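# Results of the structural survey
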Amino acid sequence: MDLYNDLTELKELKNEDPTKEAILDAFRKYGVRRSCRKNEYVFQENDPPDGAYYVQSGLIKISQSSEEGQGITLFLRYEGEVFGNAELLAGVKRRRYARALSDCQLLVLDGVKYTELAKENPEFAYSVAVLGARRLLQTQQTVEALISRPAAWRLAWFIMKLGKPTGRTIEAPIPLSHEEISYVIGCSRQTVTEILNKWREQGLIEYTKKSIVIVQPEHFFSTI
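What comes next concerns the included structure. On a predicted model such as this, the values are computed, not experimentally measured, just so you know. (Residues numbered from 1 in each chain as written. Predicted model: local features only at pLDDT ≥ 70, side-chain atom pairs only at ≥ 80, totals over all residues. Heavy atoms only, no water.)

### Quick word on the packing of helix α6 (residues 151-162) against helix α7 (residues 178-185)
Applicable threshold: Fitting a line to C-alpha atoms yields each axis, with helices limited to the stretch in contact; the angle taken between N-to-C directions then spans 0 to 180 degrees. Put simply, DSSP marks the helices as runs of H or I at least four residues long and the strands as runs of E at least two long, and each gets a number from the N terminus on. Any angle from 65 to 115 degrees is called roughly perpendicular, while one under 35 is roughly parallel, one over 145 is roughly antiparallel, and all others are oblique. By the convention used here, residues are in contact when the closest approach between their heavy atoms is within 4.5 Å. Three classes are used, and their members are as follows: Ala, Val, Leu, Ile, Met, Phe, Trp, Tyr, Cys and Pro are nonpolar, Asp, Glu, Lys and Arg are charged, and the others, Gly among them, are polar.
α7 packs onto α6 with a crossing angle of 105° between their chain directions and a minimal axis gap of 10 Å. The angle between the axes of α6 and α7 places the two elements in the roughly perpendicular class. For the pair α6 and α7, the contacting residues are Ala151, Arg154, Leu155, Trp157 and Phe158 in the first and Ile181, Val184 and Ile185 in the second. Partitioned by chemical class, the residues of the contact of α6 with α7 number 7 nonpolar, no polar and 1 charged.

### A short note on α6
To keep it simple, the criterion reads: The span one expects for a helix is its residue count, reduced by one, times 1.5 Å. Under the scheme applied here, a residue whose accessible area is under 20% of the maximum for its type counts as buried, over 50% as exposed, and between as partly exposed, the area being computed with a 1.4 Å probe on protein chains only.
Between its first and last C-alpha atoms α6 spans 17 Å; for 12 residues at 1.5 Å apiece the expected length is 16 Å, and the two agree. Of all 12 residues in α6, 10 are buried; the element is thus mostly enclosed. Looking only at α6, the buried set comprises Ala151, Trp153, Arg154, Leu155, Ala156, Trp157, Phe158, Ile159, Met160 and Leu162.

### Concerning the pairing of strand β10 (residues 169-173)
Inclusion rule: DSSP calls a pair of strands paired once it identifies at least 2 bridges connecting them.
The alternating pattern of β10 places Ile170 and Ala172 on a buried face, while none of Thr169, Glu171 and Pro173, on the opposite face, is buried. Note that strand β9 (residues 164-166) and β10 share 3 bridges and pair antiparallel. Considered in β10, the bridge of Thr166 is made with Thr169. As consecutive antiparallel partners, β9 and β10 are separated by 2 residues, and within that stretch Gly167 has a phi angle of approximately 75°, a positive value. Relative to strand β12 (residues 211-214), β10 is paired through 4 bridges, and the arrangement is antiparallel. In the strand pairing of β12, Glu171 is matched with Val213.

### Thoughts on the pattern of salt bridges
Note the cut-off: A pair is scored as a salt bridge if a Lys or Arg side-chain nitrogen falls within 4 Å of a carboxyl oxygen belonging to Asp or Glu.
Per the stated rule, a full pass over the model turns up 7 salt bridges. A salt bridge links Lys61 to Glu180; the shortest N-O distance between them is 2.5 Å. Residue Lys61 is located in strand β4 (residues 60-65), and its partner Glu180 is located in helix α7; the two are separated by 119 residues in the primary sequence. A single burial state applies to Lys61 and to Glu180, both of which are buried. A salt bridge links Glu116 to Lys113; its shortest N-O distance comes to 3.1 Å. With Glu116 and Lys113 both in helix α4 (residues 111-120) and 3 residues apart, the pair spans about one turn of that helix.

### A look at the nonpolar core
Applied cut-off: Note on terminology: a nonpolar core comprises buried Ala, Val, Leu, Ile, Met, Phe, Trp, Tyr and Cys residues joined through side-chain atoms within 4.5 Å.
Grouped together as the largest cluster of nonpolar side chains are 33 residues, with contacts concentrated most on Leu155, Phe158, Ile185, Leu196, Trp199 and Ile205. Mapped by element, the contributors of at least two residues to this core are α6, β10, α7, α8 (189-201), β11 (205-207), β12 and α9 (217-223). If one sorts the elements of this core by residue count, α6 sits on top with 9 residues. Ala26, Ala52, Leu117 and Phe124 belong to the second largest nonpolar core, which has 15 residues in total.

### Digging into the side chain of Lys61
The test is simple: Identification of polar contacts relies on pairs of N or O atoms within 3.5 Å, with a donor-acceptor requirement for protein atoms, meaning one able to donate a hydrogen and the other able to accept it, and with residues adjacent in sequence counted only if both atoms are side-chain atoms.
For Lys61, a relative accessible area of 5% puts it in the buried group. Within the structure, the side chain of Lys61 is placed 2.5 Å from the side chain of Glu180, a separation counted as a polar contact. With near-sequence residues (within four places) excluded, Lys61 lies in contact with Thr73, Phe75, Leu76, Tyr97, Ala98, Arg99, Leu101, Leu176 and Glu180.

### Re the sheet that holds β12
Pairing within the open sheet is antiparallel, and its 4 strands lie in the order β9-β10-β12-β11. The sheet is open, and its two edges are formed by β9 and β11, each paired on a single side. Averaged over all pairs of adjacent strands, the angle between strand axes in this sheet comes to 25°, irrespective of strand direction.

### Things to note about a nonpolar patch on the surface
Put simply, the test is: Residues enter patches when their relative accessible area tops 30% and they take part in no salt bridge; the joining distance is 9 Å for like charges and 5 Å for the nonpolar side chains Val, Leu, Ile, Met, Phe, Trp and Tyr. Here the Shrake-Rupley method, with its probe set to 1.4 Å, supplies the accessible areas, and only the displayed protein chains count as covering residues.
Together, Ile72, Leu74 and Phe75 make up a nonpolar patch on the protein surface, roughly 210 Å² of accessible area in all. Tracing the backbone shows Phe75 in strand β5 (residues 71-77). For Phe75, a relative accessible area of 31% gives the class partly exposed.

### What to know about the packing of aromatic side chains
In plain terms, the rule: Ring pairs shown here join Phe, Tyr and Trp side chains whose ring centres sit within 6.5 Å, with only the six-membered ring taken for Trp; geometry is labelled stacked below 30 degrees between planes, edge-to-face above 60, and tilted in between. Remark: a charge is flagged as sitting over a ring if the NZ atom of Lys or the CZ atom of Arg is within 6 Å of the ring centre and within 35 degrees of the ring normal.
According to the stated counting rule, one finds 8 aromatic pairs in the structure shown. With a centroid separation of 5.2 Å and 80° between ring planes, the pair formed by Tyr114 and Phe124 is classed as edge-to-face. On the criterion of sequence distance, the pair formed by Tyr114 in helix α4 and Phe124 in helix α5 (residues 122-148) is long-range, its members being 10 residues apart. One exposure class covers both Tyr114 and Phe124, and it is buried. One aromatic cluster is present, formed by Phe43, Tyr53 and Phe83 through successive ring pairs. A cation over a ring is seen here: Lys113 above Tyr30, with NZ or CZ 4.3 Å from the ring centre. The aromatic ring of Trp153 is capped on one face by Arg149, whose charged end is 4.4 Å from the ring centroid.

Next up, the structure:
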């Protein structure tokens, strides 16, 4: 149950973050709405950083091209999260690409305005600093999971991050292929498939290509 309790606490902490309001207010006041269809690129590698993005709905993946030409998924940005601001503040070209994993609604805050607010609005600047700190902590948590936990635990962790409680179950939409999931959690595609099949045979999950339902969360997480 440690996995379930830890991730539930992290989700609640993120949702209760009072500093986020300053960033949200700026996006609501100055941002422009943008709709992205599934698989549409938000920006590409080496693009100039012309704005920051807030996810109103949908799911965005941040990926980097490998030497073999494949896209390696590094981060996922969920509803209520900001992305694309790091290169903007650093003044460098995009080092990764952002792509919609589902139909998305975004708010786009112009880069000049974002930088102006970061320099001149103390409340906004503090919120940006807190956002960076929380991202660093999330990255540390991810690295810890990748190097110290078995593949089954990492896959359960990934599903939990995507999932939402629906009564007595947890339902997670899965817009990624098994191969893409393997990049995120650091294992092979075959391992992802084998673990999911095993859990389904044990009656722990109901699994389709588009979603995973954890039938009895307490029992499921106690077996990981």
